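Below are the chains, spelled out letter by letter.
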Amino acid sequence: MKLLITGGAGFIGSNFVQYILEKHPDYEVVDLDALTYAGSLDNLKEVMDNPRHKFVQGRIEDGELVDKLMPGMDVVVNFAAESHVDRSIVEPQVFIKTNVMGTQVLLDAALRHKVKLFYQISTDEVYGALR
């Protein structure tokens with residue numbers, strides 16, 4: 001099984017990457033992260049030398065890069081998202097570019113490359129308030 005995990009250097013994404021590599025010794029992970037304020041390679045220090053883990057620094061809205069990484073993927077798990085309400089008010093275009101357009105780039109590439117499963121994990125800035 002081969003997974004493309006986006007946002008894998010963030011808090012939740014990095015824990016997911018570590019979990020997958022630990023619990024599924026036959027899985028390979030390609031980890032795409034822009035390393036913005038929300039991500040850090042320190043979160044991945046335990047898996048950076050794992051031969052089943054490949055880290056790629058880049059943005060999900062980079063269609064050329066995403067299209068290069070997508071062939072052969074069985075699953076995409078998209079943790080990549082801009083978050084924090086205050087940031088969304090100050091720079092709404094950044095949120096739209098990543099959370100909407102970036103997700104669209106991933107979805108289009110997943111369809112083209114016949115990815116079996118696509119999991120969208122996001123923030124309240126995307127899904128809205130619970131009430």
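Peer 1: Got a sec to walk through the overall build of the protein chain? Specific residues and values, please.
Peer 2: For the protein chain, the helix and strand inventory stands at five helices and five strands. When the helices and strands of the protein chain are read in sequence order from the N terminus, they spell out β-α-β-β-α-β-α-α-β-α. When each of the 131 residues of the protein chain is scored for burial, the buried share is 43%. The contacts of the protein chain with a sequence gap of at least 6 include a subset with a gap of at least 24, amounting to 73%. Of the roughly 7700 Å² that the protein chain leaves accessible, carbon and sulfur atoms contribute 56%.

Peer 1: Any chance you could break down the packing of aromatic side chains for me, citing the residues and the numbers?
Peer 2: Within the structure shown, the criterion is met by one aromatic pair. Centroid distance Phe 16 to Phe 79: 5.3 Å. Interplanar angle 55°. Geometry classified as tilted. Here Phe 16, found in helix H1 (residues 11-23), pairs with Phe 79, found in the loop between strand E4 (75-78) and helix H3 (85-90); they are 63 residues apart in sequence, far enough to count as distant. With a relative accessible area of 24%, Phe 16 lands in the partly exposed category. Taking the relative accessible area as the measure of exposure, Phe 79 reaches 17% and is therefore buried.

Peer 1: An account of the layout of surface pockets is needed here, citing residue identities and associated values.
Peer 2: For the largest pocket, the calculated volume is near 450 Å³. Along its surface, the largest pocket is lined by 26 residues, and Gly 7, Ala 38, Phe 79, Ala 80 and Ala 81 are the ones closest to its centre. If one sorts the elements of the lining of the largest pocket by residue count, H1 sits on top with three residues. Taken together, the residues that form the lining of the largest pocket break down as 10 nonpolar, 12 polar and four charged.

Peer 1: With reference to specific residues and values, describe the nonpolar core.
Peer 2: In terms of nonpolar packing, the biggest core is built from 16 residues, with Leu 4, Leu 32, Leu 69 and Met 70 touching the most fellow members. Of all the secondary-structure elements, those providing two or more residues to this core are strand E2 (28-33), helix H2 (63-69) and helix H4 (92-112). Setting aside anything within four residues of it in sequence, one finds Leu 69 in contact with Leu 4, Val 30, Leu 32 and Val 56. Counting residues in hydrophobic clusters, the runner-up holds 14 residues, among them Ile 20, Val 29, Val 75 and Phe 79.

Peer 1: Can you break down a nonpolar patch on the surface residue by residue, with the values?
Peer 2: Taken together, the side chains of Ile 96, Val 100 and Met 101 present a nonpolar region at the surface, about 290 Å² in accessible area. Its location among the elements puts Met 101 in helix H4.

Peer 1: Before we move on, can you summarise the sheet that holds E4 with the specific residues and values?
Peer 2: Taken together, the five strands give an open sheet; going across it, the order is E3-E2-E1-E4-E5, and neighbouring strands pair in parallel fashion. Two strands close off the open sheet at either side, each with one partner strand: strand E3 (53-57) and strand E5 (117-120). Here the average twist between neighbouring strands, direction ignored, is 15°. With four bridges connecting them, E4 and E5 associate as parallel partners.

Peer 1: Run through unusual backbone geometry, naming residues and quoting values.
Peer 2: Within the chain, Leu 35 stands out as a residue other than glycine whose phi angle is a positive 55°. Along the chain, Leu 35 turns up in the loop between E2 and E3. Despite not being glycine, Lys 114 shows a phi value in the positive range, around 55°. Here Lys 114 lies in the loop between H4 and E5.

Conventions and cut-offs
- Residues numbered from 1 in each chain as written.
- Predicted model: local features only at pLDDT ≥ 70, side-chain atom pairs only at ≥ 80, totals over all residues.
- Heavy atoms only, no water.
- Helix = DSSP H or I, 4+ residues; strand = E, 2+ residues; numbered from the N terminus.
- Buried < 20%, exposed > 50% of the residue type's maximum accessible area, 1.4 Å probe, protein only.
- Contact = heavy atoms within 4.5 Å.
- Areas by Shrake-Rupley, 256 points an atom, 1.4 Å probe, with all protein chains shown as cover.
- Phe/Tyr/Trp six-rings, centres within 6.5 Å; stacked < 30°, edge-to-face > 60°.
- 1 Å grid on protein atoms, 1.4 Å probe; cavity = no way out; pocket = protein on both sides within 12 Å on 5 of 7 lines; lining within 4 Å.
- Points joined across faces, edges and corners; volume = space filled by probe spheres on them.
- Nonpolar A, V, L, I, M, F, W, Y, C, P; charged D, E, K, R; others polar.
- Core = buried A, V, L, I, M, F, W, Y, C linked by side-chain atoms within 4.5 Å.
- Patch = residues over 30% accessible without salt bridge, like charges linked within 9 Å, V, L, I, M, F, W, Y side chains within 5 Å.
- Salt bridge = Lys/Arg side-chain N within 4 Å of Asp/Glu carboxyl O.
- Pairing = 2+ DSSP bridges.
- Axes fitted to C-alpha atoms, helices over the stretch in contact; angles between N-to-C directions.

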